[in-house]
Amino acid sequence: MSAAPRDLPVRDVGAEPAVIAVYWFSQTGQLRECLEHFLEPLVEAGCDVRWIEVTTSGDFPFPWSLGRFFGVFPEAADAEATVDISIEDGGRPAGDDVDLVLVAHQVWYLNPSIPMRTLVRRYPDLVTDLPVVQFIACRNMWASAAVSMRTMLTAAGARQIGVIAVTDTANQLVSLFTTLRWLLLGRREASFGLRAAGVPDAEHQRLRRLGRQLVEAGAASGERVTAVMPEVLVRAESARENAAVIGPDLLAGAAFRFAAGRIRRHTRPGGIGEKAALAVFVSALGSAIAIGLPVATVARIAFRHRVDAAITKYLDRTLYAVADDGVPVRPRHGVPL
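A brief report on the enclosed structure follows. Please read all numbers here as calculations on a predicted model, not as lab measurements.

### Describing the overall build of the chain
And then number 1: Helix and strand counts for the chain come out as 11 helices and 8 strands.
And then number 2: A burial count over the chain gives 49% of its 337 residues as buried.
And then number 3: Partitioning the intrachain contacts of the chain with sequence separation of at least 6 by distance along the chain shows that 83% fall at a separation of at least 24.
And then number 4: Counting only carbon and sulfur atoms, one obtains 57% of the accessible surface of the chain, whose full area is about 15,200 Å².

Below is the structure:
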């Protein structure tokens, strides 16, 4: 990782170094990698970052087998589904001195990964009355999962102050191929003229710049990082909304949750009924990718202003809120980091 810029006042992040608890679960290690890039400037500036890994005995292999990859759909997309988890160091680290919580999660079938969803639902006291930032690393669709997690955080009594999301910025068809190869075969490396799967270095650099902005803002104001974070996330593009995919993301996320709920309620896990329902789902998913995405793209082009206004209104209501000081936490687009 890169060294801290010389002009950053190390160990001067406001009145006192902030204590940041990071709850995370990652099969591939990519999420942890992204978190380290973001948090590096904060650690160098004196913040006390405490890593709490969430582990599970659930059947979530990596690489995924093809059967299990599709078989996990009913659990992954049903917001009510949970799994047995273990929390490193027993959960809340070293007492009640935490200033900020990062809830870092992957996106599984356009929903928060099951282990992290379980964490918030079963252990709400870990986030109750605390400022929380969602941290997401995924292929390209993150909004539906973020809305779902925001609902759970609100129910747990948390105070969400922002969302940070990084994605694979390659062409959609290219990233679909490289991501599936990584998930099913465990091969992430570049090959056949295609770059490596996952979040690229340009996004890592964006995370480091965001971390440095937080340090600089805290030092300039004399406040803790947690106090300046909502404003910094507004000024910075902390979660980029890809207009070409965000509409399909939200629509498909709702459809996935509806289908998963019906499958779980009306079939037996591993039974013939579930397998038949999953076969129908896989066929429908292929059709949606081949037909639905192009149709959605054309519809947005034809009704761009109406579609974009509807999406903005929906996200403002369900994902972005207003901090205690009245500062909105929606990332402001067009402002480079």
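### What to know about unusual backbone geometry
And then number 1: Backbone torsion omega between Phe62 and Pro63 reads 0°, so that peptide bond is classified as cis.
And then number 2: Mapped onto the elements of the fold, Pro63 is located in the loop between β2 (48–56) and α2 (66–71).
And then number 3: In this structure, Leu110 takes a positive phi of about 65° despite not being glycine.
And then number 4: With respect to the helices and strands, Leu110 occurs in the loop between β5 (107–108) and β6 (111–112).
And then number 5: For Leu110, a relative accessible area of 10% corresponds to the buried category.

### Describing the packing of helix α9 (residues 243–266) against helix α10 (residues 272–302)
The axes of two packed helices give the description: the angle between them and the distance between them.
And then number 1: Interhelical geometry of α9 versus α10 gives an angle of 160° and a closest axis separation of 10 Å. Comparing their axes, α10 and α9 come out roughly antiparallel. The hand of the α9/α10 crossing is right-handed. Contacts between α9 and α10 involve Ala243, Pro248, Phe256 and Ile263 on the former and, on the latter, Glu274, Ala277, Phe281, Leu285, Leu293, Ala296 and Arg300.
And then number 2: Its residues placed into classes, the contact of α9 with α10 shows 9 nonpolar, no polar and 2 charged.

### Remarks on helix α11 (residues 304–318)
And then number 1: End to end, α11 covers 21 Å across 15 residues, agreeing with the expected 21 Å (1.5 Å per residue, within 8%).
And then number 2: Every buried residue of α11 is accounted for by Ile311, Leu315 and Thr318. Along the long axis of α11, the arc covered by the buried residues comes to 80°, so they all point the same way. Structural note: α11 exposes His305, Arg306, Lys313 and Arg317 on the side pointing more than 90 degrees away from its buried face.
And then number 3: Buried residues along α11 sit in contact with α5 (143–155) and α9.

### Focus: the side chain of Asp99
And then number 1: With respect to the helices, strands and loops of the structure, Asp99 is situated in the loop between β3 (85–87) and β4 (100–105).
And then number 2: The class for Asp99 is buried, based on a relative accessible area of 16%.
And then number 3: From its side chain, Asp99 meets the backbone nitrogen of Val19 in a polar contact 2.8 Å long.
And then number 4: Beyond its immediate chain neighbours, meaning those up to four positions away, Asp99 contacts Pro17, Ala18, Val19, Pro131, Arg224 and Thr226.

### Here we look at the pairing of β4
And then number 1: Across the 6 residues of β4, 6 count as buried, placing the element largely inside the fold.
And then number 2: Burial along β4 is two-sided: the residues Leu100, Leu102 and Ala104 and Val101, Val103 and His105 are all buried.
And then number 3: Direction of pairing for β4 relative to strand β7 (residues 131–138): parallel, over a ladder of 5 bridges. Looking across to β7, one finds that Val103 is bridged to Gln134.

### Regarding the side chain of Glu274
And then number 1: As for its placement among the helices and strands, Glu274 is situated in helix α10.
And then number 2: Put simply, Glu274 is tucked away with no salt bridge, and the nearest opposite charge, on Arg264, sits 6.9 Å away.
And then number 3: In this structure the side chain of Glu274 is engaged in a polar contact, spanning 2.8 Å, whose partner is the backbone nitrogen of Gly270.
And then number 4: Residues in contact with Glu274, not counting those within four places in the same chain, are Pro74, Ile263, Thr267, Arg268 and Pro269.

### Some thoughts on the environment of Glu53
And then number 1: Note that Glu53 resides in strand β2.
And then number 2: Once the C-alpha coordinates of Glu53 and Glu88 are considered, the two residues, 35 residues apart in sequence, prove to be 5.4 Å apart.

### Regarding the nonpolar core
And then number 1: Tyr23, Phe73, Val103 and Tyr109 are the most contacted members of the largest nonpolar core, which has 43 residues in total.
And then number 2: Aside from chain neighbours lying at most four places away, what touches Phe73 is Tyr109, Phe256, Ala259, Ala260, Ile263, Leu278 and Phe281.
And then number 3: With 34 residues, the next largest nonpolar core counts Val49, Leu102, Ile164 and Leu207 among its residues.

Definitions and limits used
- Residues numbered from 1 in each chain as written.
- Predicted model: local features only at pLDDT ≥ 70, side-chain atom pairs only at ≥ 80, totals over all residues.
- Heavy atoms only, no water.
- Helix = DSSP H or I, 4+ residues; strand = E, 2+ residues; numbered from the N terminus.
- Buried < 20%, exposed > 50% of the residue type's maximum accessible area, 1.4 Å probe, protein only.
- Contact = heavy atoms within 4.5 Å.
- Areas by Shrake-Rupley, 256 points an atom, 1.4 Å probe, with all protein chains shown as cover.
- Axes fitted to C-alpha atoms, helices over the stretch in contact; angles between N-to-C directions.
- Parallel < 35°, antiparallel > 145°, perpendicular 65-115°, else oblique.
- Left-handed = near helix turned anticlockwise from the far one by under 90°.
- Nonpolar A, V, L, I, M, F, W, Y, C, P; charged D, E, K, R; others polar.
- Expected span 1.5 Å × (residues − 1).
- Arc of directions from axis to C-beta.
- Polar contact = N/O pair within 3.5 Å; in protein donor to acceptor, adjacent residues only side chain to side chain.
- Pairing = 2+ DSSP bridges.
- Lys, Arg positive; Asp, Glu negative; His and termini not counted.
- Salt bridge = Lys/Arg side-chain N within 4 Å of Asp/Glu carboxyl O.
- Core = buried A, V, L, I, M, F, W, Y, C linked by side-chain atoms within 4.5 Å.

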